[in-house]
Amino acid sequence: MGLELLTTNERRLFWRNGPESLMIEPWGKDSLRVRATHQREILELPWALLQPEPLKPRIEISETHSTIQNGKIQAEISPEGILSFRKTDSDTVLLAEPPHPFPDNFHLGPRQFRTVGGDLFHIQSSFQASIGERFYGLGQHQ
């Protein structure tokens, strides 16, 4: 388990643990693209709507966490693969995965993968809600 920096133009933060791989890269002004797979490699397929600008993010790697910053947004990943996102101008947490989404000892990591056949997987990711945060339009009344 661990973090490593891909040398591809020093533009990506890459995390791998067993079969799970996660990659974070800049994708336009003040934005980051996150891709995860339960395969050894993340495929470079043209699935994004727009091509990214050639931006060079600021990447820092340490034993306790690693970060990638693109303008006003920063992603942090722990050695366990837990992701969080912050606004850099105010240090406000925008989104964070919980450290243990399944407290009943069913903790398999921050993201859960289920095979749907062949090389395809269903991914489930959980995020912490902030105090006072409200969610609307979750599709429950179709």
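Above: the structure in question.
Everything quoted here is computed from the prediction, not taken from an experiment.

What about the nonpolar core?
- One finds Leu13, Trp15, Leu22, Ile24, Leu32, Ile68, Ile73, Ala75, Ile77, Leu83 and Phe85 forming the largest nonpolar core, which totals eleven residues.
- For this core, the elements supplying multiple residues, two or more each, are β2 (13-17), β3 (20-26), β7 (73-77) and β8 (83-87).
- Element by element, the count of residues in this core is highest for β7, at three residues.
- Excluding residues that lie within four positions of it along the chain, Leu13 makes contacts with Leu22, Met23, Ile24, Ile59, Ile61, Ser66, Thr67, Ile68 and Ile77.

Quick look at the side chain of Thr37
- Within the element layout of this structure, Thr37 appears in strand β4 (residues 32-37).
- Among the residues examined, Thr37 registers a relative accessible area of 15% and is labelled buried.
- If sequence neighbours within four positions are ignored, Thr37 has contacts with Pro19, Glu20, Ser21, Ile42 and Phe113.

Some details on the sheet that holds strand β9 (residues 93-96)
- Read across the open sheet, the five strands follow the order β5-β6-β7-β8-β9; overall the sheet is antiparallel. Both edges of this open sheet fall to β5 (58-61) and β9, since each of them pairs with a single strand only. Neighbour-to-neighbour, the strand axes of this sheet turn through a mean angle of 15°, independent of strand direction.

Rules used throughout
- Sequence order sets the numbering: in each chain, residues are counted from 1 along the sequence as written.
- Given that this is a predicted model, residues contribute local features only at a pLDDT of at least 70 and side-chain atom pairs are listed and counted only at 80 or more, while totals for whole chains, interfaces and linings are drawn from all residues.
- Processing note: side-chain calculations cover all non-hydrogen atoms of the structure and skip hydrogens and water entirely.
- Nonpolar cores are built from buried Ala, Val, Leu, Ile, Met, Phe, Trp, Tyr and Cys residues. Side-chain atoms within 4.5 Å join them into one set.
- Each residue gets one of three labels from its accessible area relative to the maximum for its type: buried under 20%, exposed over 50%, partly exposed in between, using a 1.4 Å probe on protein chains only.
- Only DSSP runs of H or I with at least four residues qualify as helices, and only runs of E with at least two residues qualify as strands; both kinds are numbered from the N terminus onward.
- The contact criterion used is simple: two residues touch if any of their non-hydrogen atoms lie within 4.5 Å.
- Only when DSSP finds a minimum of two bridges between them are two strands counted as paired.
- Structural elements are reduced to axes, namely lines fitted to C-alpha atoms, with helices fitted over the stretch in contact, and the angle between N-to-C directions of any two is expressed from 0 to 180 degrees.

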